[in-house]
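# Close look at the chain arrangement
Take a look at the letters that make up each chain.
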Amino acid sequence: MSADLPDTPDRERRYSAPALEKGLDILEFLSECRDPQSLQQIGDGVGRTKGEIFRMVSVLAQRGYIERLEGDDRFRVTDRLFRLGMNRPVNRSLIEIALPFMNAFAEKTGYSCHLAVMSGTQIAVVARVESTSHIGFTVRIGYRQPLVLTGSGHCLMAFIGARRRHGLYEELRREDPWIDLDALDRALDAIRAAGHVARPSGITEAVVDLSCPVIDRREGGAVAALTCPYLRTRQVPKEPAEILAALDEASRRISEIFSLD
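Residues numbered from 1 in each chain as written. Predicted model: local features only at pLDDT ≥ 70, side-chain atom pairs only at ≥ 80, totals over all residues. Heavy atoms only, no water.

- Going by the annotation in an unreviewed UniProt entry, the name recorded for the protein chain is Transcriptional regulator, with Azospirillum palustre given as the source organism.

Pasting the structure below:
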């Protein structure tokens, strides 16, 4: 009978799993920390005592979700959850489809590229291909940054559906009450009109983020952003327009095949 009851916040809170919630609190806290944390710091961060979290931390470490630093009593989150997420069939399919076109892009241009998806209010890099030249700029798989700071993030925000985008705006506002959403919305309108992103990196000086959307035509929105961190070199003196044309071709081919998969 309970399956017929409406999904309401009150009903959702009738069911609790304190141990599970404790473990999730620990994982979420550690995932937001730049530096490894001691048991005391973890306890303070999740509002619990060391005694309350000791066994949970031990189990999470045994299962490989967090790790203790060698010769230290501090812990950090591992990439196990990320790898589990990448095992989802939709993610495996996207990466398998994208990699041949990403390799072709790198061969053609001499530049690296990476594929990023949305993860909350951040991007997460799920695939990359290195530059074929001796000098290049790339990011590692699993790299995460706020959507608002990256070309990939702007690309994803611009090309997702309007309803999902406005829900995302609410999340961004909760994280940063001072964010100028009107300015962001105008910037995303310009990106949609252009069909791509070409903007200075919000992370690295002198790098220009060039990014094109990978569209799932069945859903009508972006599922990923194909991005090239552009840094003009004398060895590969290509202009941004040439790189963007190759990037757009690759993203369109990936979109076509992914939508049929």
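## So, the environment of Val197
- Mapped onto the secondary structure, Val197 falls in strand S7 (residues 197-200).
- Since its relative accessible area comes to 2%, Val197 is described here as buried.
- Sequence-wise, Val197 and Ala245 are 48 residues apart; in three dimensions their C-alpha atoms are separated by 12 Å.
- With sequence-adjacent residues up to four places away left out, Val197 is seen in contact with Gly151, His154, Cys155, Ile191, Asp209, Leu210, Ser211 and Leu244. (Helix = DSSP H or I, 4+ residues; strand = E, 2+ residues; numbered from the N terminus. Buried < 20%, exposed > 50% of the residue type's maximum accessible area, 1.4 Å probe, protein only. Contact = heavy atoms within 4.5 Å.)

## A short note on the sheet that holds strand S3 (residues 74-77)
- What the three strands build is an open sheet, ordered S1-S3-S2; its pairing is antiparallel. Among the strands making up the open sheet, the edge pair consists of strand S1 (37-38) and strand S2 (66-68).
- Relative to S3, S2 is paired through three bridges, and the arrangement is antiparallel. Across the sheet, residue Ile66 finds its bridge partner in S3, namely Val77. (Pairing = 2+ DSSP bridges.)

## Let's talk about helix H3 (residues 39-46)
- Within the sequence span of H3, burial applies to Leu39, Ile42, Gly43 and Val46. The arc that holds every buried residue of H3, seen down its axis, measures 100°, which confines them to one face.
- Buried residues along H3 sit against helix H2 (18-31), S1, helix H4 (50-62) and S3.
- Gly47 sits one or two positions beyond H3 and adopts a positive phi of about 70°. (Arc of directions from axis to C-beta.)

## Topic: the layout of surface pockets
- Its boundaries defined by the atoms lining it, the second largest pocket holds a volume of some 170 Å³.
- Among the elements of the structure, helix H7 (151-159) and strand S9 (221-230) are those that each provide at least two residues to the lining of the second largest pocket.
- Residues that form the lining of the second largest pocket fall into these classes: seven nonpolar, seven polar and one charged. (1 Å grid on protein atoms, 1.4 Å probe; cavity = no way out; pocket = protein on both sides within 12 Å on 5 of 7 lines; lining within 4 Å. Points joined across faces, edges and corners; volume = space filled by probe spheres on them. Nonpolar A, V, L, I, M, F, W, Y, C, P; charged D, E, K, R; others polar.)

## Focus on the sheet that holds strand S8 (residues 208-216)
- Here we have six strands laid out as an open sheet, ordered S6-S5-S4-S9-S8-S7, and antiparallel in their pairing. Looking at the sheet topology across the chains shown, the edges are occupied by strand S6 (144-146) and S7. Within this sheet the neighbouring strands show an average axis-to-axis angle of 30°, counted without direction.
- Judged from the three bridges that link them, strand S4 (residues 113-119) and S9 form a sheet pairing that is antiparallel. Across the sheet, His114 pairs through a bridge with Thr227, a residue of S9.
- Most of the contacts of helix H10 (residues 240-260) go to S8, to which it runs at about 20°, and overall it touches S7, S8 and S9. (Axes fitted to C-alpha atoms, helices over the stretch in contact; angles between N-to-C directions.)

## Remarks on the packing of aromatic side chains
- Under the counting rule described, the total for this entry stands at one aromatic pair.
- Aromatic side chains Tyr111 and Tyr230 sit 5.4 Å apart centroid to centroid with 20° between the ring planes, which places their arrangement in the stacked category. Highlighted residues: Tyr111 in the loop between helix H6 (89-109) and S4 and Tyr230 in strand S9, separated in sequence by 119 residues.
- Residue classification places Tyr230 among the buried residues on the basis of a relative accessible area of 5%. (Phe/Tyr/Trp six-rings, centres within 6.5 Å; stacked < 30°, edge-to-face > 60°.)

## Considering the domain arrangement of the protein chain
- Under the domain assignment, the protein chain is made up of domain 1 (18-83) and domain 2 (88-259).
- For domain 1 and domain 2, the distance between their C-alpha centres works out to 31 Å. (Domains from an automatic or database assignment.)

## What about the packing of H2 against H4?
- It is the contact of H2 with H4, at a shortest axis distance of 10 Å, that shows an interaxial angle of 70°. Here H4 runs roughly perpendicular to H2, going by the angle between their axes. Facing Ala19, Lys22, Gly23, Ile26 and Leu27 of H2, the residues of H4 in contact are Glu52, Ile53, Met56, Val57 and Leu60. (Parallel < 35°, antiparallel > 145°, perpendicular 65-115°, else oblique.)

## Some points on the pairing of strand S5 (residues 122-129)
- Most of S5 sits inside the fold, with six of its eight residues counted as buried.
- As paired strands, S4 and S5 are joined by seven bridges and run antiparallel to one another. Looking across to S5, one finds that Ala116 is bridged to Val125.
- Hairpin remark: S4 followed by S5, antiparallel, with two residues in the connecting loop; positive phi at Gly120, about 65°.
- In terms of strand pairing, S5 meets S6 through three bridges, oriented antiparallel. Along S6, the bridge assignment pairs Ala124 with Arg144.

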